[in-house]
Amino acid sequence: MKSAFHPSDLVSVQARPSRLWTQSMSWLLFIAGIALYAQFSIARHKENPEDRVVPSVHQLAAGVKSSILEPAEEDDPLDPGAGLYQRLRHSMLWKDTASSGRRFFVALALLVPAILLGLHMAVFPYAGALFLRFVLFFDKIVALSLLPILFIIFGIEEWSKIMLMVIGVAPTLILDTCNNARAVHREQIVKAFTLKSGSFDIAYRVVLRQILPQIINSVRLNLKPLALFLFAGEMIAATDGLAYRIAIMRRHMGMDIILPYLLWVALLLFAVDAFLRFANRRLHPWYQPL
Amino acid sequence: MVSAALAARPQLDPIPALAPVPRRTEIALRNVSVLYPCGRGDSKTVLSGIDLEIAAGEFVVVLGETGCGKSTLLRLILGEDSPTAGSVQVDGKPVTRIDARCGYVPQKYSLFPDRTVMGNVMYGPENARSGILGRWRPSFWRYRRELRDEAGQYLGRMGLRPQDLTKYPHQLSGGMQQRVAIAQALLMRPPVLLMDEAFSALDPSTRSRLQEQIHSVWLESRPTILFVTHNTQEALLLGTRLILLGRHLDDRSQRSNILLDMENPLSRLPFARRAQSPELHRIQEQVKQIAFAASSMDGTEDPAEFANPESDSQ
Ligand SMILES: Nc1ncnc2c1ncn2[C@@H]1O[C@H](COP(=O)(O)OP(=O)(O)OP(=O)(O)O)[C@@H](O)[C@H]1O
Ligand SMILES: [Mg+2]
């Protein structure tokens, strides 16, 4: 039996909002945010029509248009007859997204060995003995403070930025995987041995399979730190990339570019996260989060 | 008090004994003790002076109150733990690590949550047949097809319906999970089967159905079974031999934990008649008395002991 909405339901733990209510409420803050911004922007533009700090919808639209259709300032201009595909391919947004994305995914790929290291540390006692203390200590080093060293070792090109991301996130992933693998019930491992498993069967076909959903979740949680390190690297030393562009635009108050970029980055991260969440549900229908 | 109870042990042999058949010793524990460290450099004795020989094909039921070391005993035979002193042998060879000589049905977490019922049951035989690299061969696929049929039949006999075979463990009830776990262990045809309170989470009717099933499996292929339970009636219905463990007093004595080690007279009756046997209640009462006598010797019942914890450390 559904009862009608009553204001006191808003503070009731036992309230049972309908689907319509929950759906519409989840968009409320987005709408409020946009409305607030619009109001603020309109007010400022009344005082100064040239205001660049809180760009108007038109300015934003122009910014978005130029960033997805025009090449970056530092690049050669396109010839005016270029088609839409050519324009998109050589646009500033695409160029920045591609180079940031490449760094991001290369770093993500390099984190796979870190995950496997964590697994081995948990499953093989000698590996645990060798690595655990070191990783625990290494985890406490503030990764950004390693940047000068990384510049010396890897140069100021791509690899120093990628390594900053890897070094920044790897210890967390190693330790998290290790903890998850250790939490696999001992009965499972004993049982698997009585079913003629070898040590590597235990590691990869019993433990890894079981903790894969947790590993994917911990990668999801680490997307943000990964992006943070990427941005730190790009803002300090880069010639392209999403964070590079934001840093450049900040110098001449290009909020009409910065705001769309900021939302674009959030959207990209959200999409990667949603993809991983979806893949997790699809690949591991048996997973019962606690 | 224990010794008095033991001396008062009644003659439990009203039915004429079968002619003894010399049988191979499957499991042998010789003067085994297990101590666990418990802070301050101290250690706690869990098992001591355990001498046990179990012949091939016996159905041994281990009884005992909680914390007396039943699971520890199984862990020793499995090879998951090693004894502080003494030796453990399975099939004449010392146990040093966990291997496939023993099948194992734990009380909880007995199935791989990430595999379907079929996947769980096939896991062992597939491993036994071939390493991970040999699995692309057509001969392995053929084997797998045959195995799938056999596993299906096995699970069917255990009361699982065909539509259950593709389910994941969390979609099954506790009783069905336990049946799958038993099938998983049995399909390996292990010479020794260790079951740690495998039925304790089940309701009475499921439990008695599973008891019947495990008994018929035992009759058919005669594995050596070591079955841990809290339930004296279950022990008397299933076992050919009962072992009653008591809690170790931790008084540095070498006294054995084994309070009682006897053949189960009921095991000579057909399974269906055991539950109705008048003997059942009588033996059940006696086992309870012995266990109770031992636990009241334990001293934890006595409030004076709590007041002065040093008093038992002479
Ligand atoms: N790894 C360990 N470290 C320290 N003490 C332990 C350890 N494992 C078991 N013990 C102790 O050994 C004793 C026996 O444990 P065990 O699990 O064998 O009991 P049990 O007879 O199986 O009890 P239950 O019927 O409750 O399962 C317990 O008192 C427990 O505290
Ligand atoms: Mg136990």
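Residues numbered from 1 in each chain as written. Chains lettered and ligands numbered in written order. Predicted model: local features only at pLDDT ≥ 70, side-chain atom pairs only at ≥ 80, totals over all residues. Heavy atoms only, no water.

### Digging into the sheet that holds strand E7 (residues 192-196) of chain B
Residues and elements named next belong to chain B.
Moving on, step 1. Spatially, E6-E7-E8-E3-E9-E10 is the arrangement adopted by the six strands of the open sheet, whose pairing is mixed. At either margin of the open sheet sits one strand with a lone partner, and together these are strand E6 (102-105) and strand E10 (258-263). Recorded for the sheet is a direction-independent mean angle of 15° between the axes of neighbouring strands.
Moving on, step 2. Judged from the four bridges that link them, strand E3 (residues 59-64) and strand E8 (residues 224-228) form a sheet pairing that is parallel. Across the sheet, residue Val60 finds its bridge partner in E8, namely Leu226.
Moving on, step 3. Along the sheet face, helix H5 (residues 174-186) touches E6 and E7 and points at about 175° away from the line of E6. (Pairing = 2+ DSSP bridges. Helix = DSSP H or I, 4+ residues; strand = E, 2+ residues; numbered from the N terminus. Axes fitted to C-alpha atoms, helices over the stretch in contact; angles between N-to-C directions. Contact = heavy atoms within 4.5 Å.)

### Re the confidence of the model for chain B
All names here are of chain B.
Moving on, step 1. On average, residues of chain B score 84 in pLDDT, and 86% of them reach the 70 mark or higher.
Moving on, step 2. Long-range and interchain partners of residues 5-17, a stretch whose pLDDT sits below 50, account for 18 contacts in this model, where long-range means more than four residues apart.
Moving on, step 3. Complex prediction metrics read pTM 0.86 and ipTM 0.84. (pLDDT = per-residue confidence, 0-100.)

### Some points on the sheet that holds strand E2 (residues 43-55) of chain B
Residues and elements named next belong to chain B.
Moving on, step 1. Sheet architecture is open: four strands sit in the order E2-E1-E4-E5, paired in antiparallel fashion. Each edge of the open sheet carries a strand with a single partner, namely E2 and strand E5 (93-94).
Moving on, step 2. Sheet analysis places strand E4 (residues 85-90) next to E5, joined by two bridges and oriented antiparallel. Each bridged residue has a counterpart across the sheet, and for Gln89 the counterpart in E5 is Pro94.

### Thoughts on the domain arrangement of chain B
All names here are of chain B.
Moving on, step 1. Along its sequence, chain B is organised into domain 1 (2-9 + 22-101 + 190-306) and domain 2 (114-188).
Moving on, step 2. Summarising the inter-unit geometry, the C-alpha centres of domain 1 and domain 2 are found 30 Å apart.
Moving on, step 3. In this assembly, 14 residues from domain 1 lie in contact with 11 residues from domain 2.
Moving on, step 4. Taken over both partners, the interface formed by domain 1 and domain 2 buries close to 1,000 Å², and the fraction arising from carbon and sulfur atoms is 67%.
Moving on, step 5. Among the residues domain 1 hides against domain 2, the three largest losses belong to Pro190, Gln213 and Val217. Together they make up 37% of the total.
Moving on, step 6. Among the salt bridges present, the one from Arg157 reaches Glu220, with a minimum N-O distance of 3.5 Å.
Moving on, step 7. Summed over the shared surface of domain 1 and domain 2, the number is one residue pair in polar contact (both at pLDDT 80 or more).
Moving on, step 8. For the side of domain 1 that touches domain 2, the leading source of residues is helix H6 (residues 204-221), giving eight residues. (Domains from an automatic or database assignment. Buried area = accessible area lost by both parts, 1.4 Å probe. Salt bridge = Lys/Arg side-chain N within 4 Å of Asp/Glu carboxyl O. Polar contact = N/O pair within 3.5 Å; in protein donor to acceptor, adjacent residues only side chain to side chain.)

### Some points on a nonpolar patch on the surface
Moving on, step 1. Together, Phe5(A), Leu10(A), Val11(A), Trp21(A), Met25(A), Leu28(A) and Leu29(A) make up a nonpolar patch on the protein surface, roughly 800 Å² of accessible area in all.
Moving on, step 2. Relative accessible area serves as the criterion here: at 72%, Leu29(A) is assigned to the exposed category. (Patch = residues over 30% accessible without salt bridge, like charges linked within 9 Å, V, L, I, M, F, W, Y side chains within 5 Å. Areas by Shrake-Rupley, 256 points an atom, 1.4 Å probe, with all protein chains shown as cover. Buried < 20%, exposed > 50% of the residue type's maximum accessible area, 1.4 Å probe, protein only.)

### Digging into the domain arrangement of chain A
Interface size is often expressed as the accessible area that is lost when the parts come together.
Moving on, step 1. Per the domain assignment, the segments making up chain A are domain 1 (19-51) and domain 2 (92-283).
Moving on, step 2. In this structure, domain 1 of chain A and domain 2 of chain A have C-alpha centres spaced 35 Å apart.

### Some remarks on the site of ligand 1
All names here are of chain B.
Moving on, step 1. In the vicinity of ligand 1 there are 13 residues, among which Lys44, Thr66, Lys70, Ser71 and Thr72 approach most closely.
Moving on, step 2. Backbone polar atom of Cys68 to an oxygen atom of ligand 1: 3.2 Å apart, as the coordinates give it.
Moving on, step 3. Ser71 is positioned such that a nitrogen or oxygen atom in its side chain is 2.7 Å from an oxygen atom of ligand 1.
Moving on, step 4. Contact with the protein chains covers 64% of the free accessible surface of ligand 1, which is 640 Å².
Moving on, step 5. For the shell around ligand 1, the elements supplying multiple residues, two or more each, are E2 and helix H2 (70-78).
Moving on, step 6. At four residues, the largest contribution of residues to the shell around ligand 1 is made by H2. (Near = heavy atom within 4 Å.)

### Focus on the environment of Gly64(B)
Moving on, step 1. Its location among the elements puts Gly64(B) in strand E3.
Moving on, step 2. When near neighbours in sequence (up to four residues on either side) are disregarded, Gly64(B) contacts Lys70(B), Thr229(B), His230(B), Leu244(B) and Leu245(B).

### Some points on the environment of Phe5(A)
All names here are of chain A.
Moving on, step 1. Take Phe5: it is sitting in the segment before helix H1 (19-47).
Moving on, step 2. Accessibility expressed as a relative area gives 43% for Phe5, which makes it partly exposed.
Moving on, step 3. Those residues in contact with Phe5 that lie beyond four places of it in its chain are Leu10 and Trp21.

### Section: unusual backbone geometry
Moving on, step 1. We note that Lys196(A) has phi near 65°; this positive angle belongs to a residue other than glycine.
Moving on, step 2. Among the structural elements, Lys196(A) can be located in the loop between helix H8 (186-194) and helix H9 (199-236).
Moving on, step 3. One non-glycine residue, Arg189(B), lies in positive phi territory at about 45°.
Moving on, step 4. Mapped onto the elements, Arg189(B) comes out in the loop between H5 and E7.
Moving on, step 5. Residue Arg189(B) is classed as exposed on the basis of its relative accessible area of 52%.

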